[in-house]
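For reference, the chains in residue letters:
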Amino acid sequence: MIPRTPETRLGDGGLRRLIERAVDPRGAVVVLLVVILIAIVVLNPSFAEPGALMRFIQRVSPVVIVAIGQYFVIVSGEFDLSMGAVVTAQVMTAGHLIGEDDSKTVPVLIIMLVIGVVVGIVNGLATTLLKVPSFIVTLGTMLVIHGAVMWWTGGAATGNPAESFRQLGRGGIEGIPILGLLPYAVLILVAVIVFAVWISRRPFGRTVVAIGDNAEAVTFAGANVWRTKTLAFVLSSLAATVAGVLLAGYAGVHPSVGQGYEFTAITAVVLGGVVLGGGRGTVLGALIGAFTLESLFTLLNFTSVPATMRDAIQGAIIIAAVAYSGVAFAKKRRRPATSATTSPTNEQTDPSTTSAGTSSPIQLTGGDEAERK
Amino acid sequence: MRRGLRSALGIASAAALIALAGCTTDPSVEPADEGDGAQEEAPAEEWFDQELYDQQLKQREVDPEGPEDKPYLQMINPKMGDTSEFKSDGGKKMCFANASISNPWRQTGWITMNEQLKELKKDGVITEMETRDAQDNDDTQIADIDYFIAEGNCDGFIISPNSTAAITPAVERACKTDKPVIVFDRGVETDCAVSFIHPIGGFAWGIDTSQFLIDNLSKGDKVVALRILPGVDVLEQRWAAADKLFGEAGIEVVDYFTEGDPAEIKKVVSDELAKGDVQGIWMDAGDGAVSAIEAFEDAGKDYPVMTGEDELSFLRKWKDTEMTALAPVYTNFQWRTPLLAAEKIFQGEEVPTEWVLPQSPITAEDLDEYLDRNKGMPDGHYAKFGGEDMAGYPQVWQDRVIP
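Residues numbered from 1 in each chain as written. Chains lettered and ligands numbered in written order. Predicted model: local features only at pLDDT ≥ 70, side-chain atom pairs only at ≥ 80, totals over all residues.

Some remarks on the overall build of chain B
Regarding its fold elements, chain B presents 13 helices and 13 strands. Counting over 403 residues, chain B shows a buried share of 48%. Sequence separation of 24 or more characterises 75% of the internal contacts of chain B that already satisfy a separation of 6 or more. (Helix = DSSP H or I, 4+ residues; strand = E, 2+ residues; numbered from the N terminus. Buried ≥ 20, exposed ≤ 12 C-beta atoms within 10 Å, placed from the backbone. Contact = placed C-beta atoms within 7 Å.)

Take a look at the structure:
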């Protein structure tokens with residue numbers, strides 16, 4: 001995580017390094033997360049108990065999974081606005097098709113996965129082969145899916161799916177020492193993270209980031225851009241599917257479940273240092289961003305802010321956080337330019353990043369001369 | 001360096017913002033110690049209307065006039081208006097400008113209204129109804145009404161306004177056609193309509209629900225209020241009345257907007273349970289009630305005293321858990337009344353200028369009866385839909401195909 005700036009290499013002590021780390025935007029979001037968590041614990045000490053913490057991770061996991069899915073699309077330079085609609089569609093599918101019949105759980109799960117894959121392929125192919133901007137394509141699929149679900153269900157839930165299906169999002173393994181209950185959602189989240197980190201270290205993950213940086217160069221280098229991007233869209237709608245399964249269990253079936261998830265996910269991803277426009281960012285960044293965002297919502301629930309004001313405060317904090325990273329990185333980018341000898345070290349592989357080996361500054365503008373030199 | 005400082009300041013001030021917001025509101029959340037517990041700064045105040053509150057408070061106690069077995073034809077304190085000018089023979093075409101069918105309550109009502117239309121067609125008075133759905137949009141609804149006036153070939157108008165102020169001029173234009181106009185559900189700021197049909201209202205809801213919670217809780221207990229959205233008068237009035245009564249009774253109450261999203265509701269309730277015990281749940285509409293109850297189950301806490309709505313998902317969960325609850329009703333059978341009123345008007349019969357329908361909550365005593373009447377209905381169905389005596393019952397509502 002430590003940027004190898006001249007100061008740190010001079011080696012003057014841990015304090016300076018710590019400050020550097022905190023001022024660095026990637027560090028800053030971690031600091032923000034820690035500050036928020038501390039504030040929550042101060043306001044409500046029982047939050048720190050392992051059981052409560054597990055419950056918190058359980059309920060945050062759908063958002064985190066959606067954010068990780070969105071990461072692959074954003075880092076490739078695209079957007080997936082259809083995620084929220086996919087979540088809604090999956091939740092409603094579960095409610096309508098499974099009903100109270102336990103035996104339908106597995107077949108319906110398979111149908112849901114197929115829906116996820118199909119949506120991803122449509123988004124991906126329309127973006128890559130038909131060359132429609134993904135913003136428009138996924139806006140379209142969002143409306144199509146949402147409209148289709150409303151038409152099919154009449155916009156109202158028939159009821160919650162069978163309890164065995166809901167266990168995935170609601171239940172867990174009981175009787176674990178210290179934790180008490182280990183929610184299945186936490187296990188699924190861990191599996192998703194492991195898979196995402198693994199795949200982002202594979203050639204696929206590196207190609208995705210490279211495409212986001214410069215798709216033309218990647219094409220010249222012989223990689224298959226359309227296939228990689230389509231796969232990114234498939235991963236994203238599969239992530240939305242998994243989130244839908246968890247949410248149907250956690251909360252139940254309702255046409256408003258999943259609404260706005262695409263923007264929550266994009267916010268989380270940006271907060272975690274992934275660059276809109278692609279080419280920079282890590283899975284872990286998206287993960288931390290999502291946790292930060294959700295902790296912020298929880299903190300606001302704990303601080304008894306008036307209900308009407310919450311959105312405004314959320315927005316202010318998100319702008320402040322992203323603006324901070326933007327400003328700090330603009331400054332950091334200038335630094336190596338003044339001492340040319342140190343700039344190559346800045347580009348060295350950062351062991352903590354899981355993607356293409358570059359660090360992941362938030363750059364809201366396209367200027368990344370320092371990195372490309 | 002200066003830039004870093006500036007941005008650090010930005011973060012600090014954002015943090016201060018939360019801290020400040022937390023501080024300033026704390027007193028209003030804590031049970032007020034001073035005096036009679038009146039809160040000095042209640043946000044619900046701007047929606048509070050003492051006159052309307054008193055009127056609805058009284059209307060709750062009134063025995064409605066009208067046929068016992070047909071609640072959709074009952075009326076509270078009616079002032080009858082003469083309709084002889086509209087009396088005419090032959091089949092009539094009604095034009096219905098609907099605000100939306102975007103929630104389960106409106107969908108249930110819309111299904112019932114269509115069944116009512118089928119029955120009326122047999123009598124030969126109302127032979128046709130053309131409907132336009134404004135999809136929750138004022139501009140669309142104004143255009144719909146103007147279309148009806150200009151080329152709808154309508155013999156009468158039924159309008160379920162999307163919002164009060166914005167739709168008023170369009171309703172006035174419809175009145176100028178000298179054809180009967182019937183407004184129902186939300187109101188408009190003109191009394192040019194022949195009849196304005198609505199249940200008692202939001203304050204009555206707020207009074208019934210908060211009184212139930214107050215009766216079943218004690219001073220200092222905590223209630224979480226789950227609200228759909230701010231700024232909608234029918235919802236704000238429910239909250240304004242409840243907030244007032246909770247304050248007077250010394251009940252601690254904290255409110256949240258959830259848009260009826262069960263995931264959001266569960267988060268909010270879980271967080272409140274993590275903070276401390278919650279003894280009551282109040283809702284301004286019942287959507288998502290079940291996930292609030294499940295939050296208590298998952299946290300391993302005792303069930304709260306709760307008010308939801310007459311949506312079947314809530315009634316069924318209430319029955320399963322045997323919790324202490326009340327299902328207030330925003331009378332769904334009012335969707336039958338406008339067409340029946342239109343028939344009366346064309347026959348020259350008197351109708352009330354303001355047709356106030358009964359609005360009585362479902363209590364623990366009624367619960368089994370209403371569950372039985374609505375057996376096999378989907379969870380999004382509303383128990384007091386009032387269509388039990390129609391030909392399509394129960395199949396039409398069980399299938400819940402939106403017409």
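Some thoughts on the overall build of chain A
Check the secondary structure of chain A and you find 16 helices and 2 strands. Taken over 373 residues, chain A has a buried fraction of 52%. Considering only residue pairs separated by 6 or more positions, chain A has 77% of its internal contacts joining residues 24 or more positions apart.

Considering the sheet that holds strand β2 (residues 92-98) of chain B
All names here are of chain B. Strand order in the open sheet made by the 6 strands is β3-β2-β4-β5-β6-β13, with parallel pairing throughout. Two strands in the sheet have a free side with no partner beyond their single neighbour: β3 (126-133) and β13 (354-357). Strand-to-strand twist across the sheet, computed as the mean angle between neighbouring axes with direction ignored, equals 20 degrees. Here strand β4 (residues 156-160) pairs with strand β5 (residues 181-184) via 3 bridges, running parallel. Bridge pairing links Phe 157 to Val 181 in β5. Lying over the sheet, helix α5 (residues 164-175) contacts β4 and β5, oriented at roughly 150 degrees with respect to β5. (Pairing = 2+ DSSP bridges. Axes fitted to C-alpha atoms, helices over the stretch in contact; angles between N-to-C directions.)

Looking at the sheet that holds strand β11 (residues 325-326) of chain B
Residues and elements named next belong to chain B. Here we have 5 strands laid out as an open sheet, ordered β8-β7-β9-β10-β11, and parallel in their pairing. Sheet topology places β8 (252-257) and β11 at the edges, where each strand pairs with a single neighbour. Note that strand β9 (residues 280-283) and strand β10 (residues 305-307) share 3 bridges and pair parallel. In the sheet register, Gly 280 faces β10, and the bridge partner there is Val 305. The strands touched by helix α7 (residues 233-249) within the sheet are β7 (222-227), β8 and β9, with β7 carrying the most contacts at an inclination of about 170 degrees.

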